[in-house]
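Summary of structural features
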Amino acid sequence: MTASCTASLGFTPVIGVALGPWNHSYRAIMETGECVLSIPTVDMMETVVDVGNCSGDSVDKFKRFGLTPLPSDKVATPLIAESLGNVECVVREYPTDNGLYLFVLEGVKAWSNPDREERRTFHAVGDGTFVMDGETVNLRHKMTKWEDCI
Ligand SMILES: Cc1cc2nc3c(=O)[nH]c(=O)nc-3n(C[C@H](O)[C@H](O)[C@H](O)COP(=O)(O)O)c2cc1C
C-alpha cells in the first residue's frame, strides 16, 4: 500500500506509521506482526499513487504495476526491487482504541540499491501534490551536541 502518514521516532530505527483499518495491509500487519517499508523514487511517483488507489484484497499489485518482489531476510514480506531502499520491520506497538491507528515499527534490516541512478525521493503534501527532494545542505560541522548520533 501507499502510506504517507509516517514519522521517524528517534535516532534508532523506530518508525511510526498510521494505517486505516479499512486497508488490506492493516489486516496483514495485524495478523503477521511484520511488514516492509519500501522507499520509492520520483520516477515511481505515478505508480505509488496508483498503488494507493487499489487494494491487495482484489489485486496483485506486484503484477499489475510491474514491480519485482525479492525475498527479505528477517521477515516473510517481500522487498520491492525497484525501490531505492527497503526496511524490514516488526511491529513493536499495535494501534489502540484511541482512533489513531498508529503502528510503531522497528526496523530489523535495511537494504539499499547502490546501482540506482535516480535517487531523489518525494513527499506527499496531503492534497494530491508532492514535493521532490532538492538540494542537500550539509551542517554536520554544527551538530556538536549530536556527534554520536550522526
Ligand atoms: C499518496 C497516498 C498516500 C496515502 N497514505 C496513506 C496513509 O498514510 N495511511 C493510510 O491508511 N492510507 C493511505 N493511503 C491510502 C492507501 O494506500 C489505500 O487505502 C490503499 O488502497 C490500501 O491498499 P491495501 O488495501 O492493499 O492495503 C494513501 C494513498 C495515497 C494515494
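In this convention, every chain numbers its residues from 1, walking through the sequence in written order. In keeping with the predicted nature of the model, local features appear solely for residues at pLDDT of at least 70, side-chain atom pairs appear and are counted solely at 80 or more, and the whole-chain, interface and lining totals rest on all residues. Only hydrogens and water are set aside when side-chain values are computed; all heavy atoms of the structure are taken into account.

1. Some words on the overall build of the protein
Counting secondary structure elements, the protein contains 3 helices and 9 strands. By the criteria applied, helices consist of DSSP H or I runs no shorter than four residues and strands consist of E runs no shorter than two, each listed in order from the N terminus. Ordered by position from N to C terminus, the α and β elements of the protein give β-β-α-β-α-α-β-β-β-β-β-β. With the radius of gyration taken over C-alpha atoms, the globule rule is written as 2.2 Å times the number of residues to the power 0.38. The C-alpha atoms of the protein give 16 Å as radius of gyration, which agrees with the globular expectation for 150 residues (15 Å, within 12%). C-alpha atoms of the protein, sized along the principal axes, occupy 50 × 35 × 35 Å. Here the protein holds 150 residues, and the buried ones make up 29% of them. Whether two residues are in contact is decided by their heavy atoms: any pair within 4.5 Å suffices. Across the protein, contacts joining residues at least 24 apart in sequence account for 54% of those joining residues at least 6 apart. Taken as a whole, the protein presents about 10,000 Å² of accessible surface, with 53% of it coming from carbon and sulfur. Remark: exposure states derive from per-residue accessible area (1.4 Å probe, protein chains only) relative to the maximum for the residue type, with buried under 20%, exposed over 50%, and partly exposed in between. Computed with the Shrake-Rupley method and a 1.4 Å probe, the accessible areas treat only the protein chains shown as cover for residues.

2. Thoughts on the sheet that holds strand β6 (residues 85-93)
Pairing between two strands requires that DSSP report at least two bridges joining them. In spatial order, the strands read β1-β2-β7-β6-β3; together these 5 strands make up an open sheet with antiparallel pairing. Each edge of the sheet is formed by a strand with only one pairing partner; in this case those strands are β1 (6-8) and β3 (34-39). On average, each strand axis in the sheet is tilted by 35° relative to the strand beside it, whichever way the strands run. Sheet analysis places β6 next to strand β7 (residues 102-112), joined by 8 bridges and oriented antiparallel. Looking at the pairing, Cys-89 lines up with Gly-107 of β7. Between N-to-C directions, angles cover 0 to 180 degrees, with each direction set by a line fitted to C-alpha atoms, over the stretch in contact for helices.

3. Concerning unusual backbone geometry
Of note, the phi angle at Tyr-101 is positive, near 55°, even though the residue is not glycine. Position of Tyr-101 relative to the elements: it lies in the loop between β6 and β7. Assessed through its relative accessible area of 29%, Tyr-101 is described here as partly exposed.

4. Some details on helix α1 (residues 24-32)
Burial in α1 covers these residues: Ser-25, Tyr-26 and Ile-29. The arc that holds the buried residues of α1, viewed along the axis, is 105°, so those residues lie on one side. Residues of α1 that are buried sit in contact with β3, β6 and β7. Positive phi shows up at Gly-33, right after α1, with a value of about 75°. Of all possible arcs, the one meant is that of the directions from the helix axis to the C-beta atoms.

5. Regarding the site of the ligand
Residues are classed as near a molecule or strand on a simple rule: at least one heavy atom within 4 Å of it. Close contacts around the ligand come from 18 residues, with Asn-23, Ser-25, Cys-54, Ser-55 and Gly-56 the closest. Each polar contact in these results corresponds to two N or O atoms within 3.5 Å; when the atoms are within protein, one needs to be able to donate a hydrogen and the other to accept it, and residues that are neighboring in sequence are counted only if both atoms are side-chain atoms. Ala-18 is positioned such that a nitrogen or oxygen atom in its backbone is 3.0 Å from a nitrogen atom of the ligand. The contact in question runs from an oxygen atom of the ligand to an N or O atom on the side chain of Ser-25, over 2.5 Å. Protein coverage of the free-state accessible area of the ligand, which is 650 Å², stands at 83%. Residue classes follow a fixed rule: Ala, Val, Leu, Ile, Met, Phe, Trp, Tyr, Cys and Pro count as nonpolar, while Asp, Glu, Lys and Arg count as charged, and any other residue, Gly among them, counts as polar. A per-class count over the shell around the ligand returns 8 nonpolar, 9 polar and 1 charged.

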